[in-house]
Amino acid sequence: MSEVLNNLLYSEEHEWAQQGEGRVVRVGITDHAQHLLGDIVFVEFPEVGAAISAGDSVGSIESVKTVSELYSPVSGKVTKINDALETSPELINDQPYGGGWIFELELDGEFAEAASGLLDAAAYKELVGE
């Protein structure tokens, strides 16, 4: 059974979003997604400074099994990537909600508005059948 945290919001594409300071949002993939992918060996990041919209494909995650698109759950400007994943992409497998975060962005507007299309933990559990 996959871990789903109550303090995060989730996309139907299996990304999570966590509100940080001000309009900063941290993004990663869910525990469910990393289990489906298997051993992650490479992450293609969005470009820092890029303006992205919710639902945009912003990179990819490569595992020993497959390559999966990475989508942004919210709109904004990419401000930071998790450099640690360049040398240790397996952090996503080990800590999908901690050290395995993928990128941060600054929202175009307020978090509540930007996250209105995302799922809470209960709805995400229902989506993945847990």
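So, how was this worked out
- Residues numbered from 1 in each chain as written.
- Predicted model: local features only at pLDDT ≥ 70, side-chain atom pairs only at ≥ 80, totals over all residues.
- Heavy atoms only, no water.
- UniProt positions renumbered as here; feature names shortened; annotations may be inferred.
- Helix = DSSP H or I, 4+ residues; strand = E, 2+ residues; numbered from the N terminus.
- Buried < 20%, exposed > 50% of the residue type's maximum accessible area, 1.4 Å probe, protein only.
- Contact = heavy atoms within 4.5 Å.
- Polar contact = N/O pair within 3.5 Å; in protein donor to acceptor, adjacent residues only side chain to side chain.
- Core = buried A, V, L, I, M, F, W, Y, C linked by side-chain atoms within 4.5 Å.
- Pairing = 2+ DSSP bridges.
- Axes fitted to C-alpha atoms, helices over the stretch in contact; angles between N-to-C directions.

Taking an unreviewed UniProt entry as the reference, the protein is identified by name as Glycine cleavage system H protein belonging to Paenibacillus phytohabitans. Looking at the Subunit (unreviewed entry) heading of the UniProt record, one finds this comment for the protein: "The glycine cleavage system is composed of four proteins: P, T, L and H."

Help me understand the UniProt feature "modified residue: N6-lipoyllysine" (unreviewed entry) in the protein, please; the structure alone is not making it clear to me.
Taking the UniProt record as the reference, the feature "modified residue: N6-lipoyllysine" (unreviewed entry) is found at Lys65. Mapping Lys65 onto the fold places it in the loop between strand S6 (57–63) and strand S7 (67–71). For Lys65, a relative accessible area of 58% translates into the label exposed. Beyond its immediate sequence surroundings of up to four residues, Lys65 is in contact with His35, Leu36, Leu37 and Gly38. There is a polar contact of 3.3 Å between the side chain of Lys65 and the backbone oxygen of Leu36.

In this structure, what is going on with the nonpolar core? I would like to understand it.
With 26 residues, the main nonpolar core has Val25, Ile29, Ile102 and Phe103 as its most contacted residues. Mapped onto this core, the elements with two or more residues apiece are strand S3 (24–29), helix H1 (31–37), strand S4 (40–44), S6, strand S8 (76–81), helix H3 (91–94) and strand S9 (103–107). The next biggest cluster of nonpolar side chains, apart from the first, holds ten residues, and it includes Tyr10, Trp101, Ala121 and Val128.

Which parts of the structure should I look at to understand the sheet that holds S6?
Sheet strands pair via backbone hydrogen bonds, and the direction of the pair is either parallel or antiparallel. Read across the sheet, three strands follow the order S4-S6-S7 without closing on themselves; strand pairing throughout is antiparallel. Each end of this open sheet is capped by a strand with a single partner; those strands are S4 and S7. Adjacent strand axes in the sheet meet at a mean angle of 25° when their direction is disregarded. The pairing of S6 with S7 spans five bridges and is classified as antiparallel. By the bridge assignment for S7, Gly59 is matched with Leu70.

Looking at this structure, I do not really get the sheet that holds S3. What am I missing?
With antiparallel pairing, the six strands of this open sheet are ordered in space as S1-S2-S3-S9-S8-S5. In the strand order of this sheet, the two ends are held by strand S1 (9–10) and strand S5 (51–52), each with one partner. Bridge count between S5 and S8: two bridges; the pairing is antiparallel. Its bridge partner being in S8, Ile52 is matched across the sheet by Gly76.

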